[in-house]
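What follows is the residue order along each chain.
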Amino acid sequence: MKVWKMNGAGNAFAIFDARSTSFVPSADQVRQIAEDLKADQIIALERDVARDVFMRIWNADGSEVSACGNATRCVGKLLLDETGKSQVTIQTEADMLKAFNAENGLITVDMGSPLMGWEDIPLSEKMDVRGVDVKIGPMDNPILSRPAVVSMGNPHAVFFVNDVNDYDIPALGPLVEWHPTFPEGTNVGFAQVLDRQTIRLRVWERGAGLTRACGTGACAALVCAARAKLTGRKAKVIVDGGELLIEWRESDDRVYMTGPVELEFETEI
Ligand SMILES: N[C@@H](CCC[C@H](N)C(=O)O)C(=O)O
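Residues numbered from 1 in each chain as written. Predicted model: local features only at pLDDT ≥ 70, side-chain atom pairs only at ≥ 80, totals over all residues.

### Topic: the nonpolar core
Note the cut-off: In this usage, the nonpolar core is the set of buried Ala, Val, Leu, Ile, Met, Phe, Trp, Tyr and Cys residues whose C-beta atoms join them within 7 Å. Buried means a residue has 20 or more other C-beta atoms within 10 Å of its own C-beta, exposed means 12 or fewer, and partly exposed covers the counts in between; C-beta atoms are placed from the backbone. Only runs of H or I of at least four residues qualify as helices and only runs of E of at least two qualify as strands under DSSP, and these elements are numbered from the N terminus. How far each domain reaches was decided by an automatic or database domain assignment.
If you look at the biggest cluster of nonpolar residues, it comprises 80 residues, and the most contacted ones within it are I43, V75, A218, A221, L222 and V237. Per-element tally for this core: the top contributor is helix α4 (residues 215-227), with nine residues. When we break this core down by domain, the ones giving at least three residues each are domain 1 (2-111 + 259-268) and domain 2 (135-252).

See the structure below:
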């Protein structure tokens, strides 16, 4: 079976070509592969009757999840090169996504529409998704409070902060990731709005920890920022591993992400 080690803005993936050989790893095996190949997520490419591919996703902790933006760009690049098509379709558990070539070797992915209902995130009970009732730290002087939430096919809680460098993310992230408000856990973004077109973002990923980039996290940060009128609907999101351009189009309500992909090596197992 062919395996590609790739990254999207530093978010690292081991991508297994399971289109002709079955690949059904146990959670233990996923954890081992992630450790051996230094991957944040493990991806399987499977045959799909209607789309170019079905993309299955596991976090480094062995949990299977529904969405991964940076891996969608990497898989898009592989399929665009392989098929010579101008656009490829990628089915995930969450949605049907499309990828196409952008300028300067970058890849654009149509990440679908953000989901805003409290049941969609999901939250444990009905709350205002622009600022949910979550506080971390002393009750009268919390370190973090009232994150905005949205689903990009996976759950995201976004804290708007004055300076991302002021926060001990490995200490705070897990407290939010499994807070009772989020019955399926959540990815946790720390977003600093630099101006109306620029966001600095770091993400504590559910099931993977602090990564160098989170594509769905970047989409979530832009959607939450634009919804709160902190930015316009298009912004550059600066992550630890590079830059992502995110646009939440008014015309179709879909979020488009453009960013880099890198093939580190490929091998056969
Ligand atoms: N790295 C990803 C997100 C992967 C899944 C996430 N950790 C979750 O549990 O939902 C991205 O680029 O979007």
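### Thoughts on the site of the ligand
Cut-off, in case you're wondering: To decide nearness, the C-beta atom of each residue is placed from the backbone, and the residue is near a molecule or strand if that atom lies within 6 Å of it. Residue polarity is assigned by list, with Asp, Glu, Lys and Arg as charged and Ala, Val, Leu, Ile, Met, Phe, Trp, Tyr, Cys and Pro as nonpolar; anything else, Gly included, falls into the polar class.
If you check the shell around the ligand, you find 18 residues, and the closest are N70, N154, R206, G215 and T216. Its residues assigned to classes, the shell around the ligand comprises four nonpolar, 11 polar and three charged. No fewer than three residues from each of domain 1 (2-111 + 259-268) and domain 2 (135-252) sit in the shell around the ligand.

### Describing the environment of N162
Within the secondary structure layout, N162 lies in the loop between β12 (155-160) and α3 (169-177). Remark: the alpha-carbon pair of N162 and S66, spanning 96 residues in sequence, is separated by 31 Å.

### Brief notes about the UniProt feature "active site" (unreviewed entry) in the protein chain
Convention followed: UniProt positions are given in the numbering used here, feature names are shortened, and annotations may be inferred rather than shown by experiment. Contact criterion: two residues are in contact if their C-beta atoms, reconstructed from the backbone, are within 7 Å.
Those places that UniProt annotates as "active site" (unreviewed entry) correspond, in this numbering, to C68 and C214. For the annotated residues, spread through 147 residues, the largest C-alpha to C-alpha distance comes to 7.8 Å, consistent with a single compact locus. Topologically, C68 is positioned in the loop between β5 (64-65) and α2 (69-83). Filtering out sequence-adjacent residues up to four positions away, C68 remains in contact with Q41, I57, G215 and T216. In this view, C214 contacts N11, N187, V203 and E205; residues no more than four positions away in its chain are not counted.

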